[in-house]
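# Working through the structure, step by step
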There are 2 protein chains.
Amino acid sequence: MNIDMIRAAEARLRGAVRETPLLTSPALDAIAGRRVLVKAECLQHTGSFKARGGWSAVSALPEADRRRGVIAYSSGNHAQGVARAAAAHGAPAVIVMPSDAPAVKIANTRALGAEVVLYERATEDRDAIGTAIAAARGLTLIRPFDDPLVIAGQGTTGLEIARQAAALGVTRAEVAVPCGGGGLSAGIALALEAEAPGFRLRTAEPEGFDDTARSLAAGRILRNTRLSGSLCDAIVTPEPGKLTFPILAGLAGPGLVVTEEEALRAMAMAFAHLRIVVEPGGAVALAAALYHSDDIEGDTVIAVCSGGNVDPAVFSRALSMLGDA
Amino acid sequence: MNIDMIRAAEARLRGAVRETPLLTSPALDAIAGRRVLVKAECLQHTGSFKARGGWSAVSALPEADRRRGVIAYSSGNHAQGVARAAAAHGAPAVIVMPSDAPAVKIANTRALGAEVVLYERATEDRDAIGTAIAAARGLTLIRPFDDPLVIAGQGTTGLEIARQAAALGVTRAEVAVPCGGGGLSAGIALALEAEAPGFRLRTAEPEGFDDTARSLAAGRILRNTRLSGSLCDAIVTPEPGKLTFPILAGLAGPGLVVTEEEALRAMAMAFAHLRIVVEPGGAVALAAALYHSDDIEGDTVIAVCSGGNVDPAVFSRALSMLGDA
């Protein structure tokens, strides 16, 4: 993995993904006690940054492989990113999804033309299922984070952050990023190392699923004890990735950890002050920026809101935290 | 009013307002039966296009007038736009708001440092109240739509639409715009006449408050019979403006009219497929694009989502239309 792979991915992604805006609000600055810049990846095609990695991987496949098709396993956002890229490249796509994924993500994945295979998150191994189907049908498996082409695609978010922050005159900042397997965090960390050396990456995770924070502190990969039951479904993975963790260990600061309630409150703040829809897992970095100020350094924090695919009932629960005002 | 005033406003607004994105979703295209481009002005500073008109008017004031201060009457979005511009220019601001405006708009206007004066929408005349306070305290009244500088500011939205659509290769389109007093519609119509002559402006209004549609059909200004009681509070005005109506009569196609339920469904679609927060009045153009296809011509419709300041209870009501999926 290196910055040249991210730059090459950006060239392949041109015209296929959006440069998402960097949003601000005086109300958020006041809560955080410092300037808050929000990278709104929930406005990306398919509603999350996963459209980048999916496109990066599918667009780099040899034509013959593409024609046979691709397979991915995903709680939903990677599914949609791969499905969209496959459809645009005329490649068949099979997506292996947990049965407890938000209904909206399963429906949207099917709407993108993919064949969806459901599995039980707590008892079945999605990697084994994906590998078996891929072998049987000659499909290329696109892993959600431990794939250099996927990491490179997610890293294009970091190239945009570096350019957009520079345009605002920001030269030093902490960059908080929702972290599951670490593809987005590792990609952004590499991009910032090359393009914005005054920025430091900070992973953000929900309490109880803080494998990356604990692994960064320990200096080796540690596993989560629970693998389901989080509102932040998009960023629940068993442990940091084999490719992503060494990158984060070298470049990231200590991991940030927030409660589910803080993630819901951050969703409510994004609704009221930025008018964007963020899903719980996508809101953990903003939650850290707003409610864990003491764990963050400097006068500017950049929070990536990584996705916005959330069931209405969960979103209404977040809104209930605002009361009538 | 002419295009040069809009271009001059754009120069004054540079760096002070956002170029909002033009969003797309295959799901929306499928519902509408044609390509749908959404101009997401809900992502503008203060959550609506009114930040443009407010900035345009305040930034053009002579220094002495600015120091005495400004006054505006508004259901909420113009209030915030003027309050933000006044605060940034060091000008005191008094805002006259209806007592039934969404609590979030009243709170946000106060948070921007303005003094808020409440009035009864059904029985009191806000123009008379505003004029009286302005005279007593030497303030400059910034009208919400019948002011050339305000129309010019809102028209900068049209300059952006013309450029962004051209970048996508769109040369013919209908442009649907939520219409209250007509400042945004008239400004965009003038901008498109100059910069995108293949585009036609279409006003969009809620049923029962369709003064502009009826006035366009009659060729003269007609009044609404009711002045309150709409969910689409942001775009309820007694009648089309004296400056805006002649512009629309010359440039706009027939007015589009949607039900409140269609506006709520459009909000739900924007939540699920664009991940943006739109208020009922701001969603009427998208509602027309999605649910009144037969009233629209051509293969591309551009819908302006003009604002996103909505109380959580109303937003949850819109989400309930999605069911569990």
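In what follows, the accompanying structure is described. All figures in this text were calculated on a predicted structure; none of them were measured in a lab. (Residues numbered from 1 in each chain as written. Chains lettered and ligands numbered in written order. Predicted model: local features only at pLDDT ≥ 70, side-chain atom pairs only at ≥ 80, totals over all residues. Heavy atoms only, no water.)

## Let's talk about unusual backbone geometry
All names here are of chain B. Unlike most non-glycine residues, Thr-46 shows phi in positive territory, near 70°. Within the fold, Thr-46 resides in the loop between β2 (35-40) and α3 (50-59). A relative accessible area of 10% means that Thr-46 is categorised as buried. Positive phi is not limited to glycine here, since Arg-275 has a value of about 60°. Tracing the sequence through the fold places Arg-275 in the loop between α12 (260-273) and α13 (284-291). (Helix = DSSP H or I, 4+ residues; strand = E, 2+ residues; numbered from the N terminus. Buried < 20%, exposed > 50% of the residue type's maximum accessible area, 1.4 Å probe, protein only.)

## Quick notes on empty space enclosed by the protein
Residue and element names in this part refer to chain B. One pass over the full model with this rule turns up 1 cavity of 30 Å³ or more. Taken as a whole, the largest cavity holds about 270 Å³ of empty space. Of all the secondary-structure elements, those providing two or more residues to the lining of the largest cavity are α5 (77-88) and α9 (183-195). Residues of the lining of the largest cavity, tallied by class, amount to 10 nonpolar, 14 polar and 5 charged. Composition of the lining of the largest cavity by domain shows at least three residues from each of domain 1 (3-49 + 148-322) and domain 2 (50-141). (1 Å grid on protein atoms, 1.4 Å probe; cavity = no way out; pocket = protein on both sides within 12 Å on 5 of 7 lines; lining within 4 Å. Points joined across faces, edges and corners; volume = space filled by probe spheres on them. Nonpolar A, V, L, I, M, F, W, Y, C, P; charged D, E, K, R; others polar. Domains from an automatic or database assignment.)

## What about the relation of the copies chain B and chain A?
Between the two copies, chain B and chain A, the superposition gives an RMSD of 0.0 Å; the rotation angle is 180° and the shift along the axis is 0.0 Å. Such values leave the two copies arranged in the relation of a two-fold axis. Proximity to the rotation axis, assessed at the C-alpha, singles out Ile-276 of chain B in chain B; its C-alpha lies 2.3 Å from the axis. Of the interface residues in chain B, 97% have counterparts in chain A that sit at the interface too, so the contact is made through matching surfaces. (Least-squares fit on C-alpha atoms with pLDDT ≥ 70 in both. Contact = heavy atoms within 4.5 Å.)

## Some points on the interface of chain B and chain A
With 32 residues of chain B in contact, the opposing surface of chain A contributes 31 residues. For the chain B and chain A pair, buried surface summed over both sides reaches about 2400 Å², with 61% attributable to carbon and sulfur atoms. Its largest share of buried area at the contact with chain A, chain B owes to Phe-271, Arg-275 and Pro-312 of chain B, together 29% of the area lost on that side. Our count for the contact surface shared by chain B and chain A stands at 0 salt bridges. Counting the contacts that link chain B with chain A gives 8 residue pairs in polar contact (both at pLDDT 80 or more). (Buried area = accessible area lost by both parts, 1.4 Å probe. Salt bridge = Lys/Arg side-chain N within 4 Å of Asp/Glu carboxyl O. Polar contact = N/O pair within 3.5 Å; in protein donor to acceptor, adjacent residues only side chain to side chain.)

## Description of the sheet that holds strand β5 (residues 115-119) of chain B
All names here are of chain B. Spatial ordering of the open sheet is given by β5-β4-β3-β6, a layout of 4 strands whose pairing is parallel. A strand with exactly one partner marks an edge of an open sheet, and here the two such strands are β5 and β6 (140-141). Here 5 bridges tie strand β4 (residues 93-98) to β5, and the two strands are oriented parallel to one another. In the sheet register, Pro-98 faces β5, and the bridge partner there is Tyr-119. Across the sheet, helix α6 (residues 103-111) lies against β4 and β5, angled at about 175° from β4, the strand it touches most. Docked against the sheet, helix α7 (residues 126-137) engages β3 (70-73), β4, β5 and β6, running at close to 170° with respect to β3. (Pairing = 2+ DSSP bridges. Axes fitted to C-alpha atoms, helices over the stretch in contact; angles between N-to-C directions.)

Any link to function would need more than the numbers given here.
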